[in-house]
Amino acid sequence: MQTILTDSIEEAASILNAGGIVAFPTETVYGLGAGIGHPEAISRLFLAKGRPADNPLIVHIFRTEQLEEVAAAINLQAQRLIKSFFPGPLTLVLPKNPAVPYSVTAGLETVGVRCPANPVAREFLRLCGCAVAAPSANRSGLPSATNWEAVMQDLDGKIDCLLRGKPSTIGLESTIVDCSGATPMLLRAGAVTLEQLQAVVPEITANALMEQEEQPKCPGLKYPHYAPKASIVLCRADEKIAAGSDSSAFIGMSLPPQGVTLFKVCRTLEEYGRELFGFFRLCDARGIQVIYCELPSSEGLGRAIRDRLMRAAGVS
Ligand code: TXA
Ligand code: MG
């Protein structure tokens, strides 16, 4: 299959409306979309990513009014979060509308819904005839794609179209909050921080994310994620590391250890989040074997960065 690389939002939307699978930019990471009314496209999407069928997809909408097409009920807490954070890097898990097929929700009675803020994403979603199911546009298990080149690297020849846009400004996948039960729960940390969420809905808890449950609330969390080929070694800001080999790298906010061949020192947590997955991919392209990653504290955006680093290292 030839993947059409285009800058035209209209062309990309018409390919999706004809039953195609189309990658598109969002402010978090690039997504790989299929219309929720196109069951064949949805199964091709799982195949293209190599994604297990029991891992549900997030449904994307272009404006809040479209929520009715996707969700069956929106409780007061969800309404407050929508008012504060939609459009943006937040996904809400809500009771699903019967119009959303079980192939999208992996058999669950709930659906993850997100309204991205990126204007290209919103225009694309507006031109799509229905809501769009979209996981991150990377091969399953690899770091998410934060620019169009990374999408091509993983999915060229496996998808119908890539709508080329700018690099993602956040670089980490959306925050996920489960609002389908009595107590809202943070399932995945992201750029909408726990502190920001709790300022709007104080009762939100964060435990599901960190605890190993037999039946994880967020099915995707049980699979390996974000992992480059290189091994990840987590380190603290004040740790003295002797990077022993000449094929090691460092990313963090402090000065790099001596002896690394490649490093990225980020001035802010925002920069750290934005650069992380691209740096992992760069390290793999350069044949780096060990990446030393500085763990930030779990305040603010640090929580999301820690989460991705720990998963990439296989320690959570
Ligand atoms: O920023 C993002 O969220 C990006 C962009 C493209 O929007 N998408 C993304 O999708 O990261 P994906 O498929 O890579 O991750 C979605 C996560 C998975 O861990 C999945 O298990 C969880 O969301 N999820 C989806 N629907 C769910 C549901 N109904 N209940 C619980 N978790 C759900
Ligand atoms: Mg993903």
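Our structure's up above, just so we're on the same page.
Residues numbered from 1 in each chain as written. Chains lettered and ligands numbered in written order. Predicted model: local features only at pLDDT ≥ 70, side-chain atom pairs only at ≥ 80, totals over all residues. Heavy atoms only, no water.

## Here's the deal with the pairing of strand β14 (residues 290-294)
On any regular strand, side chains alternate: one points to one face of the sheet, the next to the other face.
Reasoning step 1: Taken across its five residues, β14 has four buried, putting it largely inside the fold.
Reasoning step 2: Across five bridges, the pairing between strand β11 (residues 231-235) and β14 is parallel. Residue V233 lies in a different strand from β14, and its bridge partner there is Y292.
Reasoning step 3: The sheet contact formed by strand β12 (residues 248-252) and β14 spans four bridges and is parallel. Bridge pairing links S248 to V290 in β14. (Buried < 20%, exposed > 50% of the residue type's maximum accessible area, 1.4 Å probe, protein only. Helix = DSSP H or I, 4+ residues; strand = E, 2+ residues; numbered from the N terminus. Pairing = 2+ DSSP bridges.)

## Section: the site of ligand 1
Reasoning step 1: The immediate surroundings of ligand 1 are formed by 28 residues, with T28, N55, H60, R114 and S174 found nearest.
Reasoning step 2: T28 is positioned such that a nitrogen or oxygen atom in its side chain is 2.7 Å from an oxygen atom of ligand 1.
Reasoning step 3: One nitrogen or oxygen atom from the side chain of T110 is found 3.1 Å from a nitrogen atom belonging to ligand 1.
Reasoning step 4: Burial of ligand 1 by the protein amounts to 97% of the accessible area it has alone, namely 680 Å².
Reasoning step 5: Within the residue set of the shell around ligand 1, elements represented by two or more residues are β4 (58-60), β6 (110-114) and β10 (185-188). (Near = heavy atom within 4 Å. Polar contact = N/O pair within 3.5 Å; in protein donor to acceptor, adjacent residues only side chain to side chain. Areas by Shrake-Rupley, 256 points an atom, 1.4 Å probe, with all protein chains shown as cover.)

## Considering the packing of helix α9 (residues 269-285) against helix α10 (residues 302-312)
If you want to describe how two helices pack, look at the angle between their axes and the distance between the axes.
Reasoning step 1: Where α9 contacts α10, the two axes come as close as 9 Å, and the packing angle between them is 20°. Taken together, the axes of α9 and α10 are roughly parallel relative to one another. When the axes of α9 and α10 are compared, the crossing they make is left-handed. Only G302, I305, R308, L309 and A312 of α10 make contact with α9, whose side of the interface consists of L269, Y272, G273, L276, F277 and F280. (Axes fitted to C-alpha atoms, helices over the stretch in contact; angles between N-to-C directions. Parallel < 35°, antiparallel > 145°, perpendicular 65-115°, else oblique. Left-handed = near helix turned anticlockwise from the far one by under 90°. Contact = heavy atoms within 4.5 Å.)

## So, helix α5 (residues 119-127)
Reasoning step 1: Every buried residue belonging to α5 is among A121, F124 and L125, and all of these are buried. All buried residues of α5 project into a common sector of 95° when viewed along the axis, lining one side.
Reasoning step 2: On its buried face, α5 is in contact with α1 (9-17), β2 (22-24), β4, β7 (132-133) and β8 (161-163).
Reasoning step 3: Of the residues that open α5, the one with a side-chain oxygen 2.7 Å from the backbone nitrogen of V120 is N118. (Arc of directions from axis to C-beta.)

## Quick look at the sheet that holds strand β9 (residues 175-178)
Through backbone hydrogen bonds, the strands of a sheet pair up, either in parallel or in antiparallel fashion.
Reasoning step 1: Read across the sheet, ten strands follow the order β1-β8-β2-β3-β7-β4-β6-β5-β9-β10 without closing on themselves; strand pairing throughout is mixed. Looking at strand neighbours, the two that pair on one side only are β1 (4-6) and β10, the edges of this open sheet.
Reasoning step 2: Pairing between strand β5 (residues 90-95) and β9: four bridges, direction parallel. Pairing of T91 across the sheet is with I176, part of β9.

## Quick notes on the packing of aromatic side chains
Reasoning step 1: A complete count under the given rule lists two aromatic pairs for this structure.
Reasoning step 2: Judged by centre distance (4.9 Å) and plane angle (35°), the ring pair of F24 and F124 falls under tilted. Residue F24 is located in strand β2, and its partner F124 is located in helix α5; the two are separated by 100 residues in the primary sequence.
Reasoning step 3: Judged by its relative accessible area of 0%, F24 is buried.
Reasoning step 4: Exposure remark for F124: the relative accessible area of 0% places this residue in the buried category.
Reasoning step 5: When the ring centre of Y102 is taken as reference, the NZ or CZ atom of K96 above it lies at 4.3 Å.
Reasoning step 6: For the cation-ring pair, R164 lies above W148, with the distance from its terminal atom to the ring centre recorded as 5.1 Å. (Phe/Tyr/Trp six-rings, centres within 6.5 Å; stacked < 30°, edge-to-face > 60°. Lys NZ or Arg CZ within 6 Å of the ring centre and 35° of its normal.)

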